[in-house]
Amino acid sequence: MRMMSDRDVPADLIATAVATAGTAPSGANLQPWHFVAVSDRDVKKQIRDAAETEERTNYLNGRMNREWQESLAHLGTDWHKEFLETAPWVVVLFEQRYRHGPDGLVLHNYYVKESCGIAAGMFLSAIHNMGLVTLTHTPTPMAFLSKILGRPDNERPSILFPIGYPAEGTLVPDLTKKSLTEILTIDRPIDPPGSNRFRARGGT
Ligand SMILES: Cc1cc2nc3c(=O)[nH]c(=O)nc-3n(C[C@H](O)[C@H](O)[C@H](O)COP(=O)(O)O)c2cc1C
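Residues numbered from 1 in each chain as written. Predicted model: local features only at pLDDT ≥ 70, side-chain atom pairs only at ≥ 80, totals over all residues.

Asker: Talk me through the overall build of the chain; I want residue IDs and the actual numbers.
Answerer: Broken down by element type, the chain carries seven helices and six strands. Across the chain, helices and strands are ordered from the amino to the carboxyl terminus as α-β-α-α-α-β-β-β-α-β-α-β-α. By its C-alpha atoms, the chain is 60 × 45 × 40 Å across when sized along the principal axes. Counting all 204 residues of the chain, 25% fall into the buried class. A separation threshold of at least 6 residues defines the contact pool for the chain, and within that pool the share at least 24 residues apart is 80%. (Helix = DSSP H or I, 4+ residues; strand = E, 2+ residues; numbered from the N terminus. Buried ≥ 20, exposed ≤ 12 C-beta atoms within 10 Å, placed from the backbone. Contact = placed C-beta atoms within 7 Å.)

The structure is reproduced here in C-alpha cells:
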C-alpha cells in the first residue's frame, strides 16, 4: 500500500501492534528490537525529505543497478514517498546489534535479523487485523533515521512502516503469490490447493 489517507489512527492501536510484535521469539530471548512511532508532522516531513534524498540517488543516480530496477519495475515505484508525510503514523523498527551489560561491557545479541524479521511479521499481521494498512519500506541507506530519531549507536534502522488507511481511489500492484506446491515440500499427501478443503466455509 503506497497511497495513504491522512485519516488519524488512535495511538492505542499502534501500541497494541507493537505489543504483539514484542511477544515474538528471539535468540536467547534478548528481544533485540525497539520501535519508534512518530505522528508529529515536522518529524514525518524530515523523514520523508531524507528518504526521498536517498531514494532519488537509488532510482535516478544509479545506486540501484539495472537488474534491481528491472525487478522493481512491475511495482511502479519511484523515488517519491509522499505516504511518509500523509500517513498518520510512521513506525521505525530498530535492530539492537549489541547491548550493554550492567558494568558497561558490550554484550552480544543473537540472531538479531531473524528475531527482528519475525517481530516485523507479527507487527504487520496485527496492523492488518486491525483493518489498517502499511508498507514494508526500506529507503536505503537508512542511517538518517537514527539521526532524526536520536537513537543510540547499538541500534540500526531496519524497516520503516507508514501506517494508516488507504487513500481514496488507491491503486495497488496486481500481484500473485507462488502456489502452495512451489513453496511447500511435504512428505504426506494433501488435498491440492483449490480443493474444497481450501475453499471458504459457508459457500454452496
Ligand atoms: C524487507 C522488505 C523491504 C521492502 N522495501 C520496500 C521499499 O523500500 N519500498 C517499497 O515500495 N516496497 C518495499 N517492500 C514491499 C515489497 O515490494 C512488497 O512486500 C512486495 O511487492 C509484495 O507485495 P505485498 O506486500 O503487497 O504482498 C519491501 C518488502 C520487504 C519484505
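Asker: Account for the site of the ligand, with residues named and values stated.
Answerer: Taken together, Arg 2, Leu 75, Thr 77, Leu 135, Thr 136, His 137, Thr 138, Pro 139 and Leu 175 make up the full set of residues adjacent to the ligand. Among the residues making up the shell around the ligand, the classes are represented as four nonpolar, four polar and one charged. (Near = placed C-beta within 6 Å. Nonpolar A, V, L, I, M, F, W, Y, C, P; charged D, E, K, R; others polar.)

Asker: Residue-level account of the nonpolar core, with values.
Answerer: By size, the foremost hydrophobic cluster in this structure holds 34 residues, and its most contacted members are Val 90, Val 91, Val 92, Leu 93 and Ile 163. Residue assignment for this core shows that the elements contributing at least two residues are helix H1 (11-21), strand E1 (33-38), helix H2 (41-60), helix H4 (83-86), strand E2 (89-96), helix H5 (112-129) and strand E6 (155-164). When neighbours within four sequence positions are excluded, Val 91 is seen to be in contact with Ile 14, Phe 35, Ala 37, Phe 161 and Ile 163. (Core = buried A, V, L, I, M, F, W, Y, C linked by C-beta atoms within 7 Å.)

Asker: Hey, could you go over the environment of Thr 16 for me, with residue numbers and the actual values?
Answerer: Locating Thr 16 in the fold gives a position in helix H1. Sequence separation between Thr 16 and Asp 187 is 171 residues; the distance between their C-alpha atoms is 38 Å.

Asker: Please provide a residue-by-residue account of the sheet that holds E2, values included.
Answerer: Strand order across the open sheet formed by four strands is E1-E2-E6-E5, with antiparallel pairing between neighbours. For this open sheet the edge positions go to E1 and strand E5 (133-134), each flanked by a neighbour on one side alone. Pairing between E1 and E2: six bridges, direction antiparallel. The residue bridging Val 38 from the neighbouring strand is Val 90, located in E2. Relative to the sheet, H1 contacts E1, E2 and E6, its axis offset from that of E1 by approximately 170 degrees. (Pairing = 2+ DSSP bridges. Axes fitted to C-alpha atoms, helices over the stretch in contact; angles between N-to-C directions.)

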